[in-house]
Number of protein chains: 2
Amino acid sequence: MTQMTMDTTTTMDKAEHKAPEPMNGVDTPALFATINAVGGQPELARFQFRAQSRWVDGTHSRSTMSGFFGAGGEHVHAAVFKADADHPAVLCGADNGPTPVEFVLHALAACLTAGIANIAAARGVRLRSVESSVEGDIDLRGILGLSDEVRNGFQAIRIRFAVEGDASPQKLREIVEQSRKRSAVFDILTNGVPVEVMVDA
Amino acid sequence: MTQMTMDTTTTMDKAEHKAPEPMNGVDTPALFATINAVGGQPELARFQFRAQSRWVDGTHSRSTMSGFFGAGGEHVHAAVFKADADHPAVLCGADNGPTPVEFVLHALAACLTAGIANIAAARGVRLRSVESSVEGDIDLRGILGLSDEVRNGFQAIRIRFAVEGDASPQKLREIVEQSRKRSAVFDILTNGVPVEVMVDA
C-alpha cells in the first residue's frame, strides 16, 4: 500500500482532476471516484491489514495473507497469498526464503513504486519503466547480543529509482517525491509505529 | 532476520553456553560458534541486505532478493527469491500479491518467530508450535491526500503469539520477550530508520 494519489489541492490542475484517463495500468477514474467517496465518508478510510504466521522449522516460517478490513467491511484477496522467510546459511539458517529484513526492503520498494504509477497516471504521465534498488545496513552485534550500543535493526536504508516515461526528468523526479510524501511504508519506516506483542502460552 | 540468540551474559547458564544441543531445527553449536566468531572480530557483523524491484503494471511490482554482504564478503541466497506486491481491488489494484504493508506485518512475524526458535533452542526448550496473528490499523485518508492530520502509515500494530513447547508458560513467555528485545524488525518498526530516496530520471 502506498499513496493512492497526490494531494489534490496542490498537484493537479483542473483538467487532471476532472477526467484523468486510464494510464500505466491504473484505472484513474476509479481511483478518483474512490478518493471522492472516502472524502465524503471518512469512516471508509479505516483499514486493517493482517497476516498469520506459522513456524516451520529452525528459523523458517510461513505467513499467509488473505483477509483484511476496509471501506466499511471485510474483504479477501484474490488468492491466499503465502510468503516464506528464513535466515541464510551464513547466519545458521536453511535459506528457505528471504530474510525478514529483506521483506522490509521489498515492502518499501513496492509501496513507492505503486505510488509512482498512480501519481504518474493522475498527472497524465505515461511510464515506460520503474526500477529500484534498495539496500539496508545492519550491524549484527545488536541482534547477536554482543553490544548494547548497536541497535538491532537497520542503521540506514537507501533506495535508488530509475524512472523512464513521457515527461521531463524534473517531472519524473517530482512524481517520485510525491510518492515518498504519501507512502505508507516510508512513513512506517522513518517515523516508527507502536507495536504490541502478546503471548498465549 | 531477527535475534540470533539471547544476550549471553544474562540469559544463559554456563551449561547452555558450553554445549547447547541442536533443537527445533536450530544448529545451536553452529549458532554459538558464529556468535563467538563475531565477538572476536566485530567487522564480521557488518551486513547489507538488498532488494531489486521492477514495476510490472498498475500498482503491481516484483522484487528479487538474491545477493547480500556480510561476514566479510558477498553471499547469494540458495535461490533468487521473488515477491510480488499489488493493491487489492477495493483500492483499485489488480490484487496480484499482498499489499506492501502486509509484507511489513509478515516481516515482523517472521523475525520474531525465528528469534523464538533460536532462543528456545539455546535455552534447551523444545518447541511444538509457534503461531502468530498480526494486524495493523491504517487510516487511508493519509495516503489518499485527504487529511494532513492523518499519518500515511500504520497507526498501531499488534501481534499475538500462541507458543507450545516443553516448558512452563512463564518460560515460553520469556522466550518471546527475549526475541522481541533482540528483533531487527521490531526495532526497525518501533524506532524508525533513516531512509534516503534517490532518483535517476
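Residues numbered from 1 in each chain as written. Chains lettered and ligands numbered in written order. Predicted model: local features only at pLDDT ≥ 70, side-chain atom pairs only at ≥ 80, totals over all residues. Heavy atoms only, no water.

- Naming follows an unreviewed UniProt entry, where chain A appears as OsmC family protein of Caenispirillum salinarum AK4.

1. Focus on the interface of chain A and chain B
Point 1. Between chain A and chain B, the contact holds 131 residues from the first and 132 residues from the second.
Point 2. Both faces combined, the contact of chain A with chain B buries some 11600 Å², and carbon together with sulfur accounts for 64% of it.
Point 3. Among the ionic pairs, Arg160(B) bridges to Asp200(A), the shortest N-O distance being 3.1 Å.
Point 4. At the surface where chain A touches chain B, the tally comes to 60 residue pairs in polar contact (both at pLDDT 80 or more).
Point 5. When residues in the side of chain A that touches chain B are grouped by element, the largest group, 17 residues, is from helix α4 (residues 100-122) of chain A.
Point 6. Looking at the side of chain A that touches chain B residue by residue, the class counts come to 70 nonpolar, 37 polar and 24 charged.
Point 7. By the bridge criterion, 6 bridges tie strand β5 (residues 156-165) of chain A to strand β6 (residues 195-200) of chain B in an arrangement that is parallel. Across the sheet, Phe161(A) pairs through a bridge with Val199(B), a residue of β6(B). (Contact = heavy atoms within 4.5 Å. Buried area = accessible area lost by both parts, 1.4 Å probe. Salt bridge = Lys/Arg side-chain N within 4 Å of Asp/Glu carboxyl O. Polar contact = N/O pair within 3.5 Å; in protein donor to acceptor, adjacent residues only side chain to side chain. Helix = DSSP H or I, 4+ residues; strand = E, 2+ residues; numbered from the N terminus. Nonpolar A, V, L, I, M, F, W, Y, C, P; charged D, E, K, R; others polar. Pairing = 2+ DSSP bridges.)

2. Details of the pairing of strand β3 (residues 73-85) of chain B
Residues and elements named next belong to chain B.
Point 1. Here strand β2 (residues 60-70) pairs with β3 via 9 bridges, running antiparallel. Counterpart to Gly-67 in the pairing with β3 is Val-76.
Point 2. Taken together, β2 and the strand that follows it, β3, pair antiparallel across an intervening segment of 2 residues, in which Ala-71 is found at a positive phi of about 55°.

3. Comments concerning the packing of α4(A) against helix α4 (residues 100-122) of chain B
Point 1. Orientation of α4(A) relative to α4(B), taken along the N-to-C sense of each, is 170°, at an axis distance of 8 Å. Viewed along their axes, α4(A) and α4(B) adopt a mutual orientation that is roughly antiparallel. Contacts between α4(A) and α4(B) pair Pro100(A), Phe103(A), Val104(A), His106(A), Ala107(A), Ala110(A) and Cys111(A) from the former with Pro100(B), Phe103(B), Val104(B), His106(B), Ala107(B), Ala110(B) and Cys111(B) from the latter.
Point 2. Residue composition of the contact of α4(A) with α4(B), grouped by class: 12 nonpolar, 2 polar and no charged. (Axes fitted to C-alpha atoms, helices over the stretch in contact; angles between N-to-C directions. Parallel < 35°, antiparallel > 145°, perpendicular 65-115°, else oblique.)

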